[in-house]
Amino acid sequence: MATMTLRTRSRVRFGLAAGAALTSVALIAGCSTNASNDTGEPSGTLRIVVSSADASDAAFKAINEAFEEKYPDVTVEFSPVPNDQAVAVIASRLSANNVDIVTMNVATIPDYVIGDVKSDEARGADAGVYLDLTDEPFMDNFTDSVLDVVAYNDQQLSVPLGLSYYTGAYYNKTMFEEMGLTLPTTWSEFVTLCETLEAAGISPLGIGGKDSWPAGLTMNAAVQGLYPTQEDKQDLARGLWSQDIKLTDDGPQEILDRVQQFYDFAQPNFAGVDYAAIPAGFANGEFAMTVDGTWNQPTIDAAVGDKFEYGYFPVPTSENADDNKFLGGKADLRLSVASGTKNKVTALAWLDFLTDPANYEAFAATAGFVPAEPDIPAGEFLDSIAVYTSTFSPAWDTQWTGNPNAGPNAGFPFNYPAIAPLGTSTPAEAAEIAEKDWAAGF
Amino acid sequence: MSSYYPFGRRAAMRGSFAAGMAVLVVFGIVPAVGVLAISFTNVRALPFLPVDWVGLDNYLAFFSPARLDYNLNAVRNTLIYSVTSTTITIALSLAIAVLLNQKLRGRTFARALVFLPTVLGVTVIGLIWTLIFNPSAGPAATVWAWFGADSAFFGDQRIALALVIFVQVWAGLGVSVVIFLAGLQAIPEELYEVASIDGASSWQKLRLVTIPMLAPSITANVLLGIVGSLQNYQLAYVLTGPNNAATQLLSLAIFSQGFGGSSAAGAGQSQGYAASISMIQFVIVGVISLAVLAYLRKREARL
């Protein structure tokens, strides 16, 4: 009698245990199913993953709230991801096919690039990971010259939400006026300006060296002055790829020399300072200028507040003033639709909503981008730099295609991270290391 | 002759054990074998891309002249980091455990304090120490200024790795101390009494009674420390980012080259390449762990 009771109970227990284990495995494996929505009214969940930046995140949230008001059936799941993890997160979500709109960044590969060197995103574009938006009506909202820059093999795969310029520097206008300083237009004038500031006990430049890439902005600024037009930059890139130009030649070496001088003028121990701490340091007067991008203007504006007037000017890295006239930039924050999206109607409706000039104006103003649509009023700051952006000049990093088979020191390819104090080399040594790594890729 | 089994029918035990084993196999063994298979292909991160079998190309690429310097730097940093942090952690935690084993006032509070860093996550620890070592305004900068020096701390190539090791030791003390405390409390009091009768000093008691009796705990701690720190990159990533040559660790190189995010690791590698570095790291960790384990077991057996 007792045995029979025990047997039943333990069978039930065994059944429950097995059932619980199987259920938890199934839940962990996470099958989620969404009905596919290809036609009809926007509805359901819209999942968006973008690179994070304070200003653009705020702008997106405002758009999402307005969109959800317009279409009450829609829930927008907005996930901003820090810049250095964005590529990985987006790749994994695309593979799992649980995202609808992502940031992407791919340019047509120039013909002088040899070998199998496409980035993951370029391969993905070839394989149809991103939806073709060329014929979508909302693409007509954009300026033609911007669309030309972001086209991939004559297709429009992304919506360019704005332009950013980053070969210039924010400067403390009030401090300059008090000290009787004028904006430099040549490299010698810039050096003299910095030396004057140093003599007065002020750090001329602020760089967020700990994150490494802010120091790369000085390298971009150096190339912008020394190779001003797109043709100059393409010639340089072509020469490097065909190995006619070496990274130890005079031209590339001069770029690294400029970078070394930027480091010399930067604030003490800048190699340990976070990029996120730069706006506060600028606002506190720790340094007079900082090479940064126009994407950071809203943050700097918030930090500086009423303390002083600030402005933005192209850093003159050439001795020839004409070469220093224009800021280098890129089409920033480009959004694509995943081709496997289960909610195509809502995704396209959201893009249509965002790019509508009425909504886009507020978005670009909050996010700090130069508008990529024509006839959008640009705001006080952007008006002040309009003279430097009247011709769109693409910055070096948008023109350079790296070689994955080359060593890591030839990524940019100008080896700014190796120069002390970010690294342990002099500019000449850094150029040699980069040339060795570059040549090893062929 | 049946062994004592107190839980009633065996079917329930077998069932739940099998279910647990299934989870472990599905989420542990299968991905590990998968990584080995992937390391012979050029699979990339995005869907719909063609995948080809490339044989040993990825392994050869690891040793290629373009990447060898970078990878050897990573291996060297990893070994220095692992050996130094494990040694210091074990020595310090042994001392702390012996101290906390005495009957002191506030002993419970001190034990909780030592264990607290373990409860904090890596990101919180990284944030705390980044703020402390802020070169312009942090507490460490103030202390350095008392000695008339200033430093870029994590930005300074010469001391970045040492600082990361320091934070790792701080974070890892808790678990080691707990393991040693458990081991210390298992040592019979009589041994110390006998040693006192024989006229042993405290130092001799420590060397000749405590440490030999603690051998299993030392084995556990050394193994946990070495295997953990050989694969550990989270602190280095949070404190110094993936682009700092002085703190480049092998697992960080795997993460950067497999998942992007590091401008210095080289453009667009395939995840097959990252998998091959994983396998190389597995071999390094495996060889070192087995060697250490064999040595420590021999020392244990000698007792």
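Residues numbered from 1 in each chain as written. Chains lettered and ligands numbered in written order. Predicted model: local features only at pLDDT ≥ 70, side-chain atom pairs only at ≥ 80, totals over all residues.

1. Considering helix 5 (residues 122–132) of chain B
Residue and element names in this part refer to chain B.
Item 1. Among all positions in helix 5, only Ile 125, Gly 126 and Trp 129 are buried. Viewed along the axis of helix 5, the buried residues span an arc of 100 degrees, placing them on a single side of the element. Facing away from the buried surface of helix 5 by more than 90 degrees, the exposed residues are Thr 123 and Val 124.
Item 2. Contacts from the buried residues of helix 5 go to helix 4 (107–119), helix 7 (160–185) and helix 11 (234–240). (Buried ≥ 20, exposed ≤ 12 C-beta atoms within 10 Å, placed from the backbone. Helix = DSSP H or I, 4+ residues; strand = E, 2+ residues; numbered from the N terminus. Arc of directions from axis to C-beta. Contact = placed C-beta atoms within 7 Å.)

2. Focus on the interface of chain A and chain B
Bring the parts together and some accessible area is lost; that lost area is often taken as the interface size.
Item 1. Contact residues are listed per partner, giving 48 residues for chain A and 43 residues for chain B.
Item 2. Ranked by residue count, the leading element in the side of chain A that touches chain B is helix 1 (residues 2–29) of chain A, at 8 residues.
Item 3. Across the side of chain A that touches chain B, the residue classes break down as 22 nonpolar, 18 polar and 8 charged. (Nonpolar A, V, L, I, M, F, W, Y, C, P; charged D, E, K, R; others polar.)

3. As for the nonpolar core
Item 1. By size, the foremost hydrophobic cluster in this structure holds 175 residues, and its most contacted members are Val259(A) and Val164(B).
Item 2. When residues in this core are grouped by element, the largest group, 13 residues, is from helix 7 of chain B.
Item 3. Shared between two domains, this core takes at least three residues from each, and those domains are domain 1 (44–165 + 330–388) and domain 2 (169–326 + 406–439) of chain A.
Item 4. Excluding residues that lie within four positions of it along the chain, Val259(A) makes contacts with Thr218(A), Met219(A), Ala222(A), Tyr416(A) and Ile419(A). (Core = buried A, V, L, I, M, F, W, Y, C linked by C-beta atoms within 7 Å. Domains from an automatic or database assignment.)

4. A few points about the domain arrangement of chain A
All names here are of chain A.
Item 1. Parsing chain A into structural domains produces domain 1 (44–165 + 330–388) and domain 2 (169–326 + 406–439).
Item 2. The centre of domain 1, based on its C-alpha atoms, is set 28 Å off from the matching centre of domain 2.
Item 3. If you look at the interface, domain 1 gives 16 residues, while domain 2 gives 14 residues.
Item 4. In terms of residue class, the side of domain 1 that touches domain 2 is made up of 11 nonpolar, 3 polar and 2 charged.

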